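Reading the structure
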Amino acid sequence: MNEISEHTIDIDRILSSKMGSKARFVPSLLTNRLKRIIHQDQVNAFIWKTRDMQGVEWLEECVRYLKMDIEIVGKENLPPKDDGRLYTFVSNHPLGGQDGVALGSIIGRHYDGRFRYLVNDLLMNLPGLAPVCIGINKTGRNGRDFPRMVEAGFKSDNHMLMFPAGLNSRRQKDGTIHDIDWKKTFIVKSVECQRDVVPIHFSGQNSNRFYRIANFSDRFLPFNLAMIFLVDEMYRNVGKHFTIHIGKPIPWQTFDRSRKPAEWARYVEDIVYELPGKGKK
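As the structure is a computational prediction, the values presented were derived from the model and not from experiment. Counting starts from 1 at the beginning of each chain's written sequence and moves along it residue by residue. With the structure being a predicted model, the display of local features is reserved for residues of pLDDT at least 70 and the display and counting of side-chain atom pairs for 80 or more, all residues being used for whole-chain, interface and lining totals. Neither water nor hydrogens contribute to the side-chain values; these are computed over all heavy atoms in the structure.

1. Topic: the pattern of salt bridges
- The salt bridge definition used is simple: a Lys or Arg side-chain nitrogen within 4 Å of an Asp or Glu carboxyl oxygen. Applying the stated rule across the entire model yields 15 salt bridges.
- With a closest N to O distance of 3.1 Å, Lys-35 and Asp-12 form a salt bridge. Remark: Asp-12 occurs in helix α1 (residues 11-19) and Lys-35 occurs in helix α2 (residues 28-37); sequence separation between them is 23 residues.
- Burial classes: relative accessible area under 20% of the type maximum marks a residue as buried, over 50% as exposed, and values in between as partly exposed (1.4 Å probe, protein chains only). The class for Lys-35 is partly exposed, based on a relative accessible area of 22%.
- With a relative accessible area of 38%, Asp-12 lands in the partly exposed category.
- Between Glu-233 and Arg-209 there is a salt bridge, and its shortest N-O distance comes to 3.0 Å. Linking Glu-233 in helix α9 (residues 230-236) with Arg-209 in helix α8 (residues 208-220), this pair joins segments that are 24 residues apart in sequence. Secondary structure counts use DSSP, requiring at least four H or I residues in a row for a helix and at least two E residues in a row for a strand, with both numbered from the N terminus.

See below:
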């Protein structure tokens, strides 16, 4: 984790850590553009202001900073914190920023900070967030550690919060905003560790610009260009209303051998997207 300073997030340093000596070939015009897209100065100002906060306290301060208006439907479905069991919380991932912050603050507060995210390792650069994260780099030098880190997370004494799609949602051909196919990891590990699965649906969407970039990136580029714009999308979504629907826990025994793990993952994904309809009166 980076030492907290007034310049904690440093694009030049991040590029160097990711690209090594090749980083020197990146034009300064491009790095300066990246710094504006990720709001480097604004983010660093917030990190410096909240330098004495970590974990749930930091996440709750993020919610206030982003002026999120959150409505929770089905909060009674959150299992009691003192029932002696561990759970896997899974959600769709429409935004890529606020959804993670909001869910972490809610689940973290309910369970006294006893939860962990499985996240892209770039988020480990946020000192206030890092203590509740398991950083995953599936394609880089640490890719071989992915199974081991997931295993350690599920066998810990923490609840797990996951976005099984891995990437945030994309615009579909019919115009709807929907996750890409969910990965089966949460099914396999929840069964292995006997954790019931709690489905969550988060409302919201990013800008039309974002989906155009994501569509282009997914079709033509070997890397996720859209991810670079997620911080900018977060600032575009400041002050908006979001509804979170929490469903009833699904017993781990549900996921038997009558279906393949990937099919069970799709089953839970379908339940998540049905939650808003069930929440209507």
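Continuing now.
2. Observations regarding helix α7 (residues 185-192)
- Residues of α7 that are buried include every one of Phe-186, Ile-187, Lys-189 and Ser-190, and no others.
- Looking one or two residues beyond α7, the residue adopting positive phi is Gln-194, at roughly 55°.

3. Details of α8
- Helix span is expected to be 1.5 Å times the residue number reduced by one. Here α8 spans 18 Å end to end across 13 residues, near enough to the 18 Å set by a 1.5 Å rise per residue.
- Here α8 has its buried residues at Phe-210, Tyr-211, Ile-213, Ala-214 and Ser-217. Projected onto a plane normal to the axis of α8, the buried residues spread over an arc of 160° and lie on a single side. Structural note: α8 exposes Arg-212, Arg-219 and Phe-220 on the side pointing more than 90 degrees away from its buried face.
- Note on definitions: a residue-residue contact is assigned when non-hydrogen atoms from the two residues lie within 4.5 Å. Buried positions along α8 lie against β6 (170-171), β7 (177-178) and α9. In this description, one arc is meant: the one made by directions from the helix axis to the C-beta atoms.

4. Considering unusual backbone geometry
- At His-39, a residue that is not glycine, the phi angle is positive and equals roughly 55°.
- Position of His-39 among the secondary structure elements: in the loop between α2 and α3 (40-49).
- Residue classification places His-39 among the buried residues on the basis of a relative accessible area of 14%.
- A positive phi angle, near 55°, is found at Lys-67, a position not held by glycine.
- Within the secondary structure, Lys-67 sits in the loop between α4 (55-65) and β1 (69-73).
- Judged by relative accessible area, which is 58%, Lys-67 ranks as exposed.

5. A closer look at the layout of surface pockets
- Cavities and pockets are defined on a 1 Å grid built over the protein atoms alone: a cavity is a set of grid points where a 1.4 Å probe fits but cannot escape, while a pocket is an open set with protein on both sides within 12 Å along at least five of seven lines, and lining residues are those with an atom within 4 Å of any such point. Grid points are joined across faces, edges and corners, and a volume is the space filled by probe spheres set on the points. There is about 170 Å³ of room inside the second largest pocket.
- In terms of lining residues, the second largest pocket is bounded by Arg-170, Arg-171, Tyr-211, Ala-214, Asn-215 and Asp-218.
- Elements supplying a minimum of two residues to the lining of the second largest pocket: β6 and α8.
- A per-element tally of the lining of the second largest pocket places α8 first, with 4 residues.

6. Quick notes on the sheet that holds strand β5 (residues 159-162)
- Strands are labelled as partners when DSSP assigns at least two bridges between them. Here we have 7 strands laid out as an open sheet, ordered β1-β9-β8-β2-β5-β3-β4, and mixed in their pairing. The sheet is open, and its two edges are formed by β1 and β4 (133-136), each paired on a single side. Geometrically, the sheet is characterised by an average inter-axis angle of 25° between neighbouring strands, direction not taken into account. Only C-alpha atoms enter the line fits that serve as axes; for helices the fit covers just the stretch in contact. Angles between N-to-C directions range over 0 to 180 degrees.

7. A closer look at the packing of aromatic side chains
- Between 30 and 60 degrees the pair is tilted, below 30 it is stacked and above 60 it is edge-to-face, where a pair is any two Phe, Tyr or Trp rings, Trp via its six-membered ring, whose centres lie within 6.5 Å. Under the counting rule described, the total for this entry stands at 12 aromatic pairs.
- Summarising the aromatic geometry, the rings of Phe-89 and Tyr-111 are spaced 5.6 Å apart at their centres and angled 50° between planes, so their arrangement reads as tilted. Pair noted here: Phe-89 is in strand β2 (residues 87-91) and Tyr-111 is in the loop between α5 (98-110) and β3 (115-120), with a separation of 22 residues, a long-range link.
- Taking relative accessible area as the criterion, Phe-89 reaches 0% and is therefore assigned buried.
- Ring plane angle 40° and centroid distance 5.6 Å describe the contact between Phe-202 and Phe-242, whose orientation is recorded as tilted. Placement of Phe-202 in strand β8 (residues 196-202) and of Phe-242 in strand β9 (residues 241-246) is noted, with a sequence separation of 40 residues between them. Each member of the pair, Phe-202 as well as Phe-242, carries the same accessibility label: buried.
- An aromatic cluster of three or more residues is present, and its members are Phe-46, Trp-58, Tyr-65 and Tyr-235.
- The cationic tip of Arg-51 hangs over the ring face of Trp-48; the distance from NZ or CZ to the ring centre is 4.1 Å.
- The side chain of Arg-259 reaches across the aromatic face of Trp-264, ending 4.6 Å from its centre. Criterion for a charge above a ring: Lys NZ or Arg CZ within 6 Å of the ring centre, and within 35 degrees of the ring normal.

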